[in-house]
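The chain contents come next:
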Amino acid sequence: AMRKAMEQGLFRLHYQPQVSLTNGALIGVEALIRWTDAELGQMSPAQFIPLAEESGFIITIGTWVLEEAVRQATLWQSRDTPVTVSINVSALQFQQADFVETVAAVLKANGLQPRLLELELTESILIQDAHETMNRLHALAALGVSMSIDDFGTGYSSLSYLKKFPISRLKIDRSFVMGLPDDEGDRAIVSATIGMARGLKLNVVAEGVETEAQRDYLASLGCESFQGFLCSPGLPAEQFEALMAQLPK
Ligand code: C2E
Ligand code: MG
Ligand code: MG
């Protein structure tokens, strides 16, 4: 069904804003894949991405996402409303021998400033074959794209990679934000993550912020930005543009 959906052009990207916790300004946007199937209905990426990873079809999906997100980012760049677009990169995709070349080629073909693309990597990518991973991350950094760690703290947190790798942001997973501000364990994990990030000169994005109480608590800890339903879910490009126009500059 995924192969058929790709042939029929049924995949779309939605865009979820990332906003500043100090002034509410837009600081970036995450591209999230969406698939509405004629027979199967609305399919959640949490369901089909793991299957695509197992079957290898994630390579085709990942390339499509890269091209589509860069095309959209280039359109916003050309309209003088540049916004950094983050895409999710799967481990299998990152490990392809030509991954760096593909990213470089897509940026060049579109004429997108590399700083307007961010790659969201998972901890599972960063613990693999350290030498090759390091080379690849440095090659991507040399291209000028930025990189973040998605779902930080939920995978294999080897903290040593944080000081070695050219990463600019940590994304605090929704599972730690959910219990804020009441849950003692979540408070400890989130404040430690923000403190550590500050020491390492990394920015922090909190994911899955749904309430004002969560937002205010994160702001009090000095977290830079958040993403979540409190601001907006992922939206089709045109709806995101309407929201972008309303956010403080
Ligand atoms: P993720 O990258 O951590 O993305 C964040 C997920 O949290 C998204 O779910 C988003 O819609 C959801 N979310 C954001 N704010 C809130 C909130 O306030 N409350 C709640 N309850 N949820 C919130 P989504 O779009 O279903 O994606 C799930 C996961 O699927 C993503 O997690 C990512 O790992 C993967 N994924 C999505 N798009 C892609 C893609 O293009 N490529 C790859 N490789 N993976 C993708
Ligand atoms: Mg993500
Ligand atoms: Mg995440």
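How each quantity is defined
- Residues numbered from 1 in each chain as written.
- Chains lettered and ligands numbered in written order.
- Predicted model: local features only at pLDDT ≥ 70, side-chain atom pairs only at ≥ 80, totals over all residues.
- Heavy atoms only, no water.
- Salt bridge = Lys/Arg side-chain N within 4 Å of Asp/Glu carboxyl O.
- Helix = DSSP H or I, 4+ residues; strand = E, 2+ residues; numbered from the N terminus.
- Buried < 20%, exposed > 50% of the residue type's maximum accessible area, 1.4 Å probe, protein only.
- Donors = N, O, S within 2.8 Å, 3.2 Å for Na, K, Ca; no water.
- Near = heavy atom within 4 Å.
- Polar contact = N/O pair within 3.5 Å; in protein donor to acceptor, adjacent residues only side chain to side chain.
- Areas by Shrake-Rupley, 256 points an atom, 1.4 Å probe, with all protein chains shown as cover.

Draft legend 1. Looking closely at the pattern of salt bridges. Inspection of every chain in the model, using the stated rule, returns 8 salt bridges. Residues Lys171 and Glu30 are paired through a salt bridge, measuring 2.9 Å at the closest nitrogen-oxygen approach. Here Lys171 is found in strand S7 (residues 169-172), whereas its partner Glu30 is found in strand S2 (residues 26-37), with 141 residues between them in sequence. Like Glu30, Lys171 is buried.

Draft legend 2. Just the coordination of the magnesium ion (ligand 2), in detail. Here the magnesium ion (ligand 2) is held by Glu30 (OE), Asn88 (OD1), Glu120 (OE) and Asp150 (OD), and the distances to it run 2.0 to 2.2 Å. Along the chain, the residues that donate to the magnesium ion (ligand 2) are spaced as E-x57-N-x31-E-x29-D. The two metals, the magnesium ion (ligand 2) and the magnesium ion (ligand 3), are separated by 4.1 Å and share Asp150 as a common coordinating residue. Placement of the pair is Glu30 in strand S2 and Glu120 in strand S5 (residues 117-121), with a sequence separation of 90 residues.

Draft legend 3. Looking closely at the site of ligand 1. Around ligand 1 sit 21 residues in total, of which Arg34, Asn88, Asp150, Glu210 and Phe229 are the nearest. A distance of 2.8 Å separates an oxygen atom of ligand 1 from a polar atom in the side chain of Asn88. Take Glu210: an N or O atom from its side chain is 2.5 Å from a nitrogen atom of ligand 1. Relative to its free-state accessible area of 800 Å², ligand 1 is covered by the protein chains to the extent of 82%. Going through the elements one at a time, S2, helix H2 (45-55), helix H3 (58-78) and strand S6 (146-152) are the ones with two or more residues in the shell around ligand 1. Top contributing element to the shell around ligand 1 by residue count: S2, with 4 residues.

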